[in-house]
Structure formats: C-alpha cells, structure tokens
Amino acid sequence: MNIQTLAENLRNTIAGKEMLLITYQNPSVNPYPKGVKETMIQMLEINIAELKGILQNVEQCIGVEE
C-alpha cells in the first residue's frame, strides 16, 4: 500500500461514516432509543472530524491541497 492508496481509503471511510451519520440522524430509519441515537451521532461526528484531520495530514505528505 502506498500513501495515495491510504488517502483514498481514508476518503472512502469518511464518506461511509458520513452516510451512516445521515442514517442515524433520520428518525424514521433509526430504531434506537433517543439516548443511544444521540451518543452514536456524537461519536460518529467526533470520528469523522478526527479522520478528516488525519486525511489532511496525509494529503500534506503527498502534496495535495484540498
């Protein structure tokens, strides 16, 4: 695996987690109790933000500015 592949994998992971976040935010799709749902949403938001920070670092290493 090279650093470009790593960056692409991070982008795909972020996109998947963003789609999952949208699903959890949709009350008609999410069967979880309110407290569980809110915790899941908060954890996903934190995780997505962390992954985006890592992606920025990786992109700096390969000279990509987005």
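Before any of the text, the structure's been laid out above.
All figures in this text were calculated on a predicted structure; none of them were measured in a lab.

Caption draft 1: Structural view of the overall build of the protein chain. Each helix and strand counted, the protein chain has two helices and zero strands in total. For 66 residues, the compact-globule formula gives about 11 Å, and the C-alpha radius of gyration of the protein chain, at 14 Å, lies well above that figure. Along the first, second and third principal axes, the C-alpha set of the protein chain runs to 45 × 20 × 15 Å. In the protein chain, which comprises 66 residues, the proportion classed as buried is 23%. Distance between charge centres in the protein chain, computed from 5 positive and 8 negative side chains, equals 10 Å.

Caption draft 2: Seen up close, helix 2 (residues 34–62). In this model helix 2 runs 42 Å from its N-terminal to its C-terminal C-alpha over 29 residues, within 8% of the 42 Å that 1.5 Å per residue would give. In this structure, the buried side of helix 2 is in contact with helix 1 (3–25).

Caption draft 3: Fine view of helix 1. Its 23 residues give helix 1 an end-to-end C-alpha distance of 33 Å, which sits within 8% of 33 Å, the value for a rise of 1.5 Å per residue. For helix 1, the secondary structure elements touched by its buried residues are helix 2. The opening residue of helix 1 is Asn-2, an N-cap whose side-chain oxygen sits 3.1 Å from the backbone nitrogen of Gln-4.

Caption draft 4: The arrangement of a nonpolar patch on the surface in detail. A surface patch of nonpolar side chains, about 310 Å² in accessible area, is lined by Met-1, Ile-3 and Leu-6. The exposure class of Met-1 is exposed, given its relative accessible area of 78%.

Caption draft 5: Up close: the pattern of salt bridges. All told, the structure shown has four salt bridges when counted by the stated rule. Between Glu-8 and Arg-11 there is a salt bridge whose closest N-O contact spans 3.1 Å. In this pair, Glu-8 and Arg-11 both sit in helix 1, three residues apart, roughly one turn of the helix. Look at Glu-8 and you get partly exposed, because its relative accessible area is 38%. In this structure, Lys-52 and Glu-18 form a salt bridge, with 3.1 Å as the shortest nitrogen-oxygen distance. One end of the pair, Lys-52, is in helix 2; the other, Glu-18, is in helix 1, with 34 residues separating them in the sequence. For Glu-18, a relative accessible area of 29% puts it in the partly exposed group. Among the ionic contacts, a cluster of salt bridges with common partners joins Glu-8, Arg-11 and Glu-59.

Rules behind the numbers
Residues numbered from 1 in each chain as written. Predicted model: local features only at pLDDT ≥ 70, side-chain atom pairs only at ≥ 80, totals over all residues. Heavy atoms only, no water. Helix = DSSP H or I, 4+ residues; strand = E, 2+ residues; numbered from the N terminus. Rg over C-alpha atoms; globule rule 2.2 N^0.38 Å. Buried < 20%, exposed > 50% of the residue type's maximum accessible area, 1.4 Å probe, protein only. Lys, Arg positive; Asp, Glu negative; His and termini not counted. Charge placed at Lys NZ, Arg CZ, Asp CG, Glu CD. Expected span 1.5 Å × (residues − 1). Contact = heavy atoms within 4.5 Å. Polar contact = N/O pair within 3.5 Å; in protein donor to acceptor, adjacent residues only side chain to side chain. Patch = residues over 30% accessible without salt bridge, like charges linked within 9 Å, V, L, I, M, F, W, Y side chains within 5 Å. Areas by Shrake-Rupley, 256 points an atom, 1.4 Å probe, with all protein chains shown as cover. Salt bridge = Lys/Arg side-chain N within 4 Å of Asp/Glu carboxyl O.

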